[in-house]
Amino acid sequence: MKTEWMEAFLVTAETGSLTKASEVLHMTQPALSKQIKSLESALDVSLLHRSAHGVTLTPAGEIVFEESRELIDRIDQMKRRIGTIDERTTLTLGSWPSVAMTYLPRHVSRQATAPDLKLKTAHTTIDLMQGLEERRYDAVLLDDRHHVHPYHTTHLYTENFLLYVHQDDERFTGCTSVAFEQIRDASFLSLPIDCDSTNILKDAFIERGAVYQAENEMEFGSSVLGFIRAGLGIALLPEIFQDGLSPEIKTLPVDGFDVVRELSLVSRDASHHAILLDLLGQSR
């Protein structure tokens, strides 16, 4: 029985969706289903009820869900102890998908003594902090401004939200910025409606007496940008999405919309925190 099978099952159970789990684990849905079926075959039980609305646990699945988490934690602890023999360190880092796609590739430095880094993504601070608490992550990258926690934290950067539009969108021809009043009633291509960035936008609109309207909801920023590139909508996204932006898309600051997203490194262990700050090229 492979730990990969158990991890595939656990993430699927936690997200309640084969689609979301496959994105978190960076694998195709057929490959994910195969791993879960392998686990079911090894145990000779059915673990999930599958429907058009997602997946739920069978009675056997509930037992395996409880036991698998403890087993994986013990295996991770064993690996860490083994790693100390030859002075290697393996760290699991949780992150928003946008940060994993852009910030990390640009900032992780190559070092001879660098730890083996295992990266996992989640859309919300709640999920990331829960993973940190449950020891699924050694550290996480997120916005912890509004979360009280006992962990080590270092602020990395602050970014604004910008309006992303197609360069030929006539509504914004000649504009170098837009006023919030111009877009307060617009419909936007949106990241998942429950993700941190979208929640920041929803709260900001409410504070300004408006409602953030999501015309289409998409799992990843690359999908949102693809629709904009095709002239199929506009979006409010953090500045980080400008990295590698196609020439068909332009960004505009929004006057009167001083809304930001922050990124901090949050770690359970002080020594791991220091190692990761060095890896990210950040001073301590």
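Above this text is the structure in question.
These lines cover the structure that appears in this document, whether it is placed above or below. Note that the coordinates shown come from a computational prediction; the quantities given were computed from them, not determined experimentally.

Some details on the environment of D258
Along the chain, D258 turns up in the loop between β12 (254-255) and β13 (260-267). In this structure D258 comes out as exposed when scored by relative accessible area, which is 64%. On a C-alpha basis, the gap between D258 and N160 in space is 7.3 Å, while along the polypeptide they are 98 residues apart.

A closer look at the packing of helix α1 (residues 3-15) against helix α3 (residues 29-43)
Two numbers describe how α1 lies on α3: the axes approach to 8 Å, and their chain directions differ by 110°. It follows from the interaxial angle that α1 and α3 lie roughly perpendicular. Handedness of the α1/α3 crossing: left-handed. Taking contact as the criterion, the partners of E4, W5, M6, A8, F9 and T12 in α1 are, on α3, L32, Q35, I36, S38, L39 and A42. Counted by class, the contact of α1 with α3 contains 8 nonpolar, 3 polar and 1 charged residues.

Focus on helix α5 (residues 97-107)
Taken together, the buried positions of α5 are occupied by P97, S98, V99, A100, T102, Y103 and L104. Lining the buried residues of α5 we find β3 (90-95), β4 (116-121), β5 (139-142), β6 (152-166) and β13.

As for the side chain of T125
Within the fold, T125 resides in helix α6 (residues 125-133). At 2.5 Å, the side chain of T125 forms a polar contact with the side chain of D196. Discounting chain neighbours no more than four positions away, the residues touching T125 are W96, L142, D143, H147 and D196.

Structural notes on the pattern of salt bridges
A complete count under the given rule lists 12 salt bridges for this structure. Linking R145 and D143 is a salt bridge whose minimum nitrogen-to-oxygen distance equals 2.6 Å. R145 sits in the partly exposed class, given a relative accessible area of 36%. A relative accessible area of 9% places D143 in the buried class. The shortest N-O distance in the salt bridge between D258 and R208 comes to 3.0 Å. With a gap of 50 residues between them, D258 in the loop between β12 and β13 and R208 in the loop between α8 (196-207) and β9 (213-217) connect regions that are remote in the sequence.

Digging into the packing of aromatic side chains
Considering all chains together, one arrives at 7 aromatic pairs under this definition. Aromatic side chains F180 and F205 sit 5.0 Å apart centroid to centroid with 70° between the ring planes, which places their arrangement in the edge-to-face category. Residue F180 is located in helix α7 (residues 180-183), and its partner F205 is located in helix α8; the two are separated by 25 residues in the primary sequence. Here F180 falls in the buried class, since its relative accessible area comes to 5%. On the basis of an interplanar angle of 5° and a centroid distance of 5.5 Å, the ring pair of F188 and Y212 is categorised as stacked. Highlighted residues: F188 in strand β8 (residues 187-190) and Y212 in the loop between α8 and β9, separated in sequence by 24 residues.

What to know about the nonpolar core
Formed by 40 residues in total, the largest nonpolar core has its most connected members in V99, Y103, L141 and L156. Beyond its immediate stretch of four places on either side in the chain, V99 contacts L104, P105, L141, Y157, I240, R261 and L263. The next biggest cluster of nonpolar side chains, apart from the first, holds 21 residues, and it includes L163, A204, A210 and Y212.

Points about the pairing of β8
On a regular strand, each side chain points to the face opposite its neighbour's, so the side chains alternate between the two faces of the sheet. Sheet topology places β8 next to β9; 4 bridges connect them, and they run parallel. Bridge assignment links S187 to a residue of β9, and that residue is Q213. With α8 bridging β8 and the parallel β9, this β-α-β connection has right-handed handedness.

Some details on the environment of D196
Inspection of the secondary structure assignment puts D196 in helix α8. Spatially, the C-alpha atoms of D196 and L141 are 12 Å apart, while their sequence positions differ by 55 residues. The contact partners of D196, leaving out residues within four places of it in the chain, are W96, H123, T124 and T125.

About the criteria used
- Residues numbered from 1 in each chain as written.
- Predicted model: local features only at pLDDT ≥ 70, side-chain atom pairs only at ≥ 80, totals over all residues.
- Heavy atoms only, no water.
- Helix = DSSP H or I, 4+ residues; strand = E, 2+ residues; numbered from the N terminus.
- Buried < 20%, exposed > 50% of the residue type's maximum accessible area, 1.4 Å probe, protein only.
- Axes fitted to C-alpha atoms, helices over the stretch in contact; angles between N-to-C directions.
- Parallel < 35°, antiparallel > 145°, perpendicular 65-115°, else oblique.
- Left-handed = near helix turned anticlockwise from the far one by under 90°.
- Contact = heavy atoms within 4.5 Å.
- Nonpolar A, V, L, I, M, F, W, Y, C, P; charged D, E, K, R; others polar.
- Polar contact = N/O pair within 3.5 Å; in protein donor to acceptor, adjacent residues only side chain to side chain.
- Salt bridge = Lys/Arg side-chain N within 4 Å of Asp/Glu carboxyl O.
- Phe/Tyr/Trp six-rings, centres within 6.5 Å; stacked < 30°, edge-to-face > 60°.
- Core = buried A, V, L, I, M, F, W, Y, C linked by side-chain atoms within 4.5 Å.
- Pairing = 2+ DSSP bridges.
- Right-handed = clockwise from strand over helix to strand, strands pointing away.

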